[in-house]
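Okay, here's what each chain looks like letter by letter:
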Amino acid sequence: MPTNRDTLLPLHAEMTGWRRDFHAHPELGFQETRTGGRVAALLEAAGIVVTRGVGRTGLVGTLKTGKSTRSIGLRADMDALPIAEGNRFVHRSTHEGVMHACGHDGHTAMLLGAAVHLARTRRFDGIVHFIFQPAEEGLGGARAMVEDGLFTRFPCDAIFGMHNRPKLGLGRFAVKSGPMMAGGGFFDIRVTGRGSHGARPESSVDAALVAAQIAVSIQSIVARNLSALDNAVVSVTRIHAGDAYNVIPQTAELGGTVRAFSRQTMEAIEAHLRRIAEGTAAAFGASATLDFRVPFAPTINDAEQAEFAASICTGLVGAEKVDRNPPPIMASEDFSFMLEQVPGCYINIGNGDGEGGCEVHNPGYDFNDESLPLGAAFFVRAVETRLAAAA
Ligand code: NI
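Residues numbered from 1 in each chain as written. Predicted model: local features only at pLDDT ≥ 70, side-chain atom pairs only at ≥ 80, totals over all residues. Heavy atoms only, no water.

## Quick look at the layout of surface pockets
Here the largest pocket is characterised by a volume of approximately 470 Å³. Along the wall of the largest pocket there are 21 residues; nearest its centre are His163, Met181, Ile329, Ala331 and Val360. Looking at the lining of the largest pocket, the elements that each hand over two or more residues are β5 (159-165) and β16 (344-350). Take the lining of the largest pocket: its biggest share by element is 3 residues, from β5. Residues of the lining of the largest pocket, tallied by class, amount to 9 nonpolar, 5 polar and 7 charged. (1 Å grid on protein atoms, 1.4 Å probe; cavity = no way out; pocket = protein on both sides within 12 Å on 5 of 7 lines; lining within 4 Å. Points joined across faces, edges and corners; volume = space filled by probe spheres on them. Helix = DSSP H or I, 4+ residues; strand = E, 2+ residues; numbered from the N terminus. Nonpolar A, V, L, I, M, F, W, Y, C, P; charged D, E, K, R; others polar.)

## Focus: the sheet that holds strand β13 (residues 287-296)
The 4 strands lie next to each other as β10-β12-β8-β13, forming an open sheet whose pairing is antiparallel. Every interior strand has two partners, whereas the edge strands, β10 (232-241) and β13, have only one. Within the sheet, the average angular offset between the axes of one strand and its neighbour, ignoring direction, is 15°. Here 9 bridges tie β10 to strand β12 (residues 251-260), and the two strands are oriented antiparallel to one another. The partner of Arg238 across the bridge, within β12, is Gly255. In this fold helix α8 (residues 263-283) packs onto β8 (183-192), β10, β12 and β13, with an angle of close to 165° to the strand it touches most, β13. (Pairing = 2+ DSSP bridges. Axes fitted to C-alpha atoms, helices over the stretch in contact; angles between N-to-C directions. Contact = heavy atoms within 4.5 Å.)

## Digging into the coordination of the nickel ion
Every protein donor of the nickel ion is listed here as Cys102 (SG), His104 (NE2) and His163 (NE2), and their distances to the metal cover 2.1 to 2.3 Å. Counting the intervening residues between successive donors of the nickel ion yields the motif C-x1-H-x58-H. We classify Cys102 as buried; its relative accessible area is 7%. (Donors = N, O, S within 2.8 Å, 3.2 Å for Na, K, Ca; no water. Buried < 20%, exposed > 50% of the residue type's maximum accessible area, 1.4 Å probe, protein only.)

## Quick word on the side chain of His117
Structurally, His117 can be placed in helix α3 (residues 104-121). Not counting residues up to four positions away in its chain, the partners in contact with His117 are Thr7, Leu8, Leu11 and Val380.

## Examining the side chain of Glu136
Here Glu136 is to be found in the loop between β4 (126-133) and α4 (141-147). Buried charge Glu136 goes without a salt bridge, the closest partner of opposite sign being Arg75 at 4.9 Å. Within the structure, Glu136 has its side chain in polar contact with the backbone nitrogen of Asp334 (distance 3.0 Å). Setting aside residues no more than four positions away along its own chain, Glu136 makes contact with Arg75, Asp77, Asp79, His104, Phe296, Ser332, Glu333 and Asp334. (Lys, Arg positive; Asp, Glu negative; His and termini not counted. Salt bridge = Lys/Arg side-chain N within 4 Å of Asp/Glu carboxyl O. Polar contact = N/O pair within 3.5 Å; in protein donor to acceptor, adjacent residues only side chain to side chain.)

## With respect to the packing of helix α1 (residues 12-24) against α3
Closest axis-to-axis distance for the α1/α3 pair is 9 Å, and the angle between their directions is 145°. Here α1 runs over α3; the crossing is right-handed. In this structure, α1 contributes Glu14, Met15, Trp18, Arg19, Phe22 and His23 to the contact, and α3 contributes Asp105, Gly106, Thr108, Ala109, Met110, Leu112, Gly113, Val116 and Arg120. The residue inventory of the contact of α1 with α3, partitioned by class, reads 7 nonpolar, 4 polar and 4 charged. (Left-handed = near helix turned anticlockwise from the far one by under 90°.)

## Description of the domain arrangement of the protein
Partitioning the protein into structural domains gives domain 1 (5-181 + 299-386) and domain 2 (183-296). For domain 1 and domain 2, the distance between their C-alpha centroids amounts to 38 Å. Counting residues at the interface gives 18 residues for domain 1 and 9 residues for domain 2. Each partner contributes to the roughly 1,100 Å² buried at the junction of domain 1 and domain 2, and carbon and sulfur atoms together form 62% of this total. Broken down residue by residue, the surface that domain 1 buries against domain 2 is led by Met330, Ser332 and Phe337, which jointly contribute 46%. Put simply, domain 1 and domain 2 have 3 residue pairs in polar contact (both at pLDDT 80 or more) between them. Top contributing element to the side of domain 1 that touches domain 2 by residue count: strand β7 (residues 178-181), with 3 residues. (Domains from an automatic or database assignment. Buried area = accessible area lost by both parts, 1.4 Å probe.)

## Here we look at the environment of Ala306
Residue position: Ala306 is located in helix α9 (residues 303-317). In contact with Ala306, other than residues within four places in its own chain, are Val175, Lys176, Ser177, Asn301, Arg324 and Cys345.

## Focus: the sheet that holds strand β3 (residues 71-77)
With mixed pairing, 8 strands are arranged side by side in an open sheet as β1-β2-β4-β3-β5-β16-β6-β15. The strands lining the two open edges of the sheet, one partner per strand, are β1 (49-52) and β15 (322-323). Pairing of strand β6 (residues 173-174) with β15 involves 2 bridges; the strand directions are parallel. In the sheet register, Phe173 faces β15, and the bridge partner there is Val322. The sheet contacts of α3 involve β2 (59-65), β3, β4 and β5, and relative to β3 the element is tilted by about 145°. The strands that α9 touches are β5, β6, β15 and β16; relative to β16, the one it contacts most, it runs at about 30°.

## Describing the packing of aromatic side chains
The geometry of two aromatic rings is summed up by the distance between their centres and the angle between their planes. If you walk through the whole model with that rule in mind, you get 4 aromatic pairs. Ring geometry for Phe173 and Phe378: centres 6.1 Å apart, planes at 45°, overall tilted. Residue Phe173 is located in strand β6, and its partner Phe378 is located in helix α11 (residues 372-386); the two are separated by 205 residues in the primary sequence. Neither residue differs from the other here; Phe173 and Phe378 are each classed as buried. Taken together, a centroid distance of 5.2 Å and an interplanar angle of 40° make the contact between Phe335 and Tyr346 tilted. Taken together, the positions of Phe335 in the loop between β15 and α10 (336-339) and Tyr346 in strand β16 put the pair 11 residues apart, joining distant regions of the chain. The class for Phe335 is buried, based on a relative accessible area of 0%. When the ring centre of Phe30 is taken as reference, the NZ or CZ atom of Arg56 above it lies at 3.9 Å. Above the plane of the ring of Phe308 lies Arg386, whose end atom (NZ or CZ) is 5.3 Å from the centre. (Phe/Tyr/Trp six-rings, centres within 6.5 Å; stacked < 30°, edge-to-face > 60°. Lys NZ or Arg CZ within 6 Å of the ring centre and 35° of its normal.)

Right, here's the structure in full:
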């Protein structure tokens, strides 16, 4: 009998307890010491070998059965967000201004449940690495683990991660091959002109005016420099210049974010930003510099691994509850840095649309505990299928 949602029901209460405990004690990126400590203790109690401090507060649990050297990596994120929780239920955050508003508490609990179940049943032949990642919310936790030798120390033939999706019905999955979530870049443009008295513009090179021209001109990048079929966003989200009514500012700063579905498009946008910033500033007799960084690579699922993940989901809930063509998401996810190293797939599990079904990063959000057995069953079945013991 292949593993299904019901197989994991005996662990439902425990997973719910862990999830609510993590929810009540949220920790920001690279500060997940309590969460990581609890995860490590539970893994070790189940007989899983734990390596701590991979990518600072990250950790890896390794479970080996049989003789095969085939391997699979399963990843969950552990960090919370700097949001004051608006919920009033018993398991609400006890850490002021910090909240699990993206469901990483649930991701951690699901993977823990899968690990405990697999350690008890061991119906596979090979090596499973349970990757508990820190600092997914823009602080570079996945990259920190990769740079700490994650895949050289814990080689994986393929990797899988899962994120809950509000508004996707409970008991449903969404799996997509290719670009799934946008890469995210942040930029800062610093303009230097010549300050002067507000009543004497002839003595100035007005940095505020130059910044305004740049802000308008860079909106031509998506409209005029990219193919109409290439989806991208350039948003100027901050403009700062000047402190007084009677001073023309010498410097100005503008910054914002870029989203795109390939590294190539991100690099093209960076080049256009630089050209427009420097060229516009020069046209007005000022100068400008661009700082561009990419905290999130585009999330791109490997075609073969996406097929595999979809077949696991279909086996669990039936084809009609697996959305194979969900719209790409403009938000970003740093599992992308792991997917750049090892072929794999990121999938979505429905968080439902009832109570607690509000969007992630909202003060009223809560992970839906009803999806814990199904999420854990995905991981278990993926291991048992991929590392199937010879009959
Ligand atoms: Ni998230």
